[in-house]
Amino acid sequence: MNIELIPAIDIINGQCVRLTKGDYDQKTIYRDSPSEVAKEFELLGFQRLHVVDLDGAKSKHIVNDAVLKAITTGTNLVVDFGGGIKTDEDIEKAFASGASMVTVGSIAVTEPERFMGWLRKYGAERMILGADVRNGKISINGWKEDSTEDLLPFLKKYIDAGVKNVLCTEISKDGTLAGPAIDLYRRVMDAYPELHLIASGGVSSKEDIKTLDQAGIPAVVFGKAIYEGRIDLRELFNSKS
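One structure accompanies this document, and this report is about it.

Let us look at the environment of Phe41. Considering the arrangement of structural elements, one finds Phe41 in helix H1 (residues 34–44). In the structure, Phe41 is positioned 35 residues away from Ile6 in sequence and 9.6 Å away in space, judged by C-alpha atoms.

The backbone of Asn135 sits at a positive phi, close to 55°, despite the residue not being glycine. One can find Asn135 in the loop between strand S7 (127–134) and strand S8 (137–140). Take Asn135: its relative accessible area is 71%, and that puts it in the exposed class.

The description of two aromatic rings rests on the distance between their centres and on the angle between their planes. In the structure shown here, the tally under the stated rule is 8 aromatic pairs. A centroid spacing of 5.1 Å and a plane angle of 20° characterise the contact between Tyr30 and Tyr227, whose relative ring orientation is stacked. Placement of the pair is Tyr30 in strand S3 (residues 23–31) and Tyr227 in helix H10 (residues 224–227), with a sequence separation of 197 residues. Owing to a relative accessible area of 18%, Tyr227 belongs among the buried residues under this scheme. Taking the centre distance of 6.3 Å and the plane angle of 50° together, the rings of Phe41 and Tyr227 count as tilted. Separated by 186 residues along the polypeptide, Phe41 in helix H1 and Tyr227 in helix H10 bring together distant segments of the chain. Three or more aromatic residues joined by ring pairs form one cluster here, namely Tyr30, Phe41, Phe46, Phe222, Tyr227 and Phe237.

Packing of helix H4 (residues 88–96) against helix H6 (residues 112–122) brings their axes to within 11 Å, and their N-to-C directions diverge by 35°. Between H4 and H6 lies a crossing of right-handed hand. Residues Asp88, Ile91, Glu92 and Phe95 of H4 form the contact with H6, whose own contacting residues are Arg114, Trp118, Lys121 and Tyr122.

For the rest of this paragraph, the subject is the pattern of salt bridges. This model, assessed by the stated rule, comprises 15 salt bridges. In this structure, Asp80 engages Arg48 in a salt bridge whose closest nitrogen and oxygen atoms are separated by 3.1 Å. In this pair, Asp80 sits in strand S5 (residues 78–82) while Arg48 sits in strand S4 (residues 48–53), placing the two residues 32 residues apart along the sequence. Relative accessible area serves as the criterion here: at 9%, Arg48 is assigned to the buried category.

Along the chain, Asn165 turns up in strand S10 (residues 165–170). Asn165 sits in the buried class, given a relative accessible area of 9%. Polar side-chain contacts of Asn165 include one of 3.2 Å to the backbone oxygen of Ala124. Ignoring anything within four residues of it in the chain, the contact list for Asn165 reads Ala124, Glu125, Met127, Ile128, Leu129, Leu195 and His196.

This part takes up the side chain of Ser147. Topologically, Ser147 is positioned in strand S9 (residues 145–150). Here Ile138 takes part through its backbone oxygen, which lies 2.7 Å from a polar atom of the side chain of Ser147. The contact partners of Ser147, leaving out residues within four places of it in the chain, are Val109, Lys137 and Ile138.

Close contact between H1 and helix H3 (residues 65–74) brings their axes to 9 Å; oriented N to C, the two are set at 30°. By the angle between their axes, H1 is roughly parallel relative to H3. As for how H1 packs across H3, the hand of that crossing is right-handed. Between H1, through Pro34, Ser35, Ala38, Lys39 and Glu42, and H3, the contact on the second element is made entirely by Val67, Ala70, Ile71 and Gly74. Here the residues of the contact of H1 with H3 are counted per class, giving 5 nonpolar, 2 polar and 2 charged.

Glancing now at the pairing of strand S12 (residues 219–222). Of the two faces of S12, the one lined by Ala219 and Val221 and the one lined by Val220 and Phe222 are each fully buried. Summarising the sheet, strand S1 (residues 4–12) and S12 pair through 4 bridges and their orientation is parallel. Residue pairing in the sheet places Leu5 in a bridge with Val220 of S12. Pairing between strand S11 (residues 196–200) and S12: 3 bridges, direction parallel. Counterpart to Ala199 in the pairing with S12 is Val220. Crossover connection from S11 via helix H9 (residues 206–214) to parallel S12: handedness right-handed.

What counts and how
- Residues numbered from 1 in each chain as written.
- Predicted model: local features only at pLDDT ≥ 70, side-chain atom pairs only at ≥ 80, totals over all residues.
- Heavy atoms only, no water.
- Helix = DSSP H or I, 4+ residues; strand = E, 2+ residues; numbered from the N terminus.
- Buried < 20%, exposed > 50% of the residue type's maximum accessible area, 1.4 Å probe, protein only.
- Phe/Tyr/Trp six-rings, centres within 6.5 Å; stacked < 30°, edge-to-face > 60°.
- Axes fitted to C-alpha atoms, helices over the stretch in contact; angles between N-to-C directions.
- Left-handed = near helix turned anticlockwise from the far one by under 90°.
- Contact = heavy atoms within 4.5 Å.
- Salt bridge = Lys/Arg side-chain N within 4 Å of Asp/Glu carboxyl O.
- Polar contact = N/O pair within 3.5 Å; in protein donor to acceptor, adjacent residues only side chain to side chain.
- Parallel < 35°, antiparallel > 145°, perpendicular 65-115°, else oblique.
- Nonpolar A, V, L, I, M, F, W, Y, C, P; charged D, E, K, R; others polar.
- Pairing = 2+ DSSP bridges.
- Right-handed = clockwise from strand over helix to strand, strands pointing away.

And the structure:
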């Protein structure tokens, strides 16, 4: 397999959790120490990590920067961080806490000029455009609001401006273990074949990851399937080599 494997750690109250379809009322706490989980991922052979500050997404400002710093100082993982990045202070805090990249979604919808400024200042390699989709529309603010933006035109605007990395989550799939939204990701890759697309949502098995790989998707984020024991990570790495 050629697909890049990126485990996810979602944080609420400093704990490692997963939601179902972004619903804060459907929360499962898996571990008390995200930094220990990150160390375990590194020992297994992962090089990347996707960290989401769910408190930050809900509060509209970064909350769990101390947890991020514990992860980045305790491992050599390349960490991308999202959730609650709304201001210049937030993005600077994320980078100061050790994030190699940030994932930004809501601001790209509500304040496009600010997002473009960050893209120019920090560069396309450090910026991941978050495109969270529900019923074909981009969703914002911790998936609590739907915008009027359609996915492909939204992506085109920013790809034309230099965006190279996009994290696309099909919200109806997220945390459901129901399989990824292959057709959605194929549409994106057909439209923008040079894009480094990171698929997110619904992964339940090694077979799901193989299917994404065979569809030419460059990268995948997955979490619940790991925490629920649905994927044997050593077997996954063996099939990748």
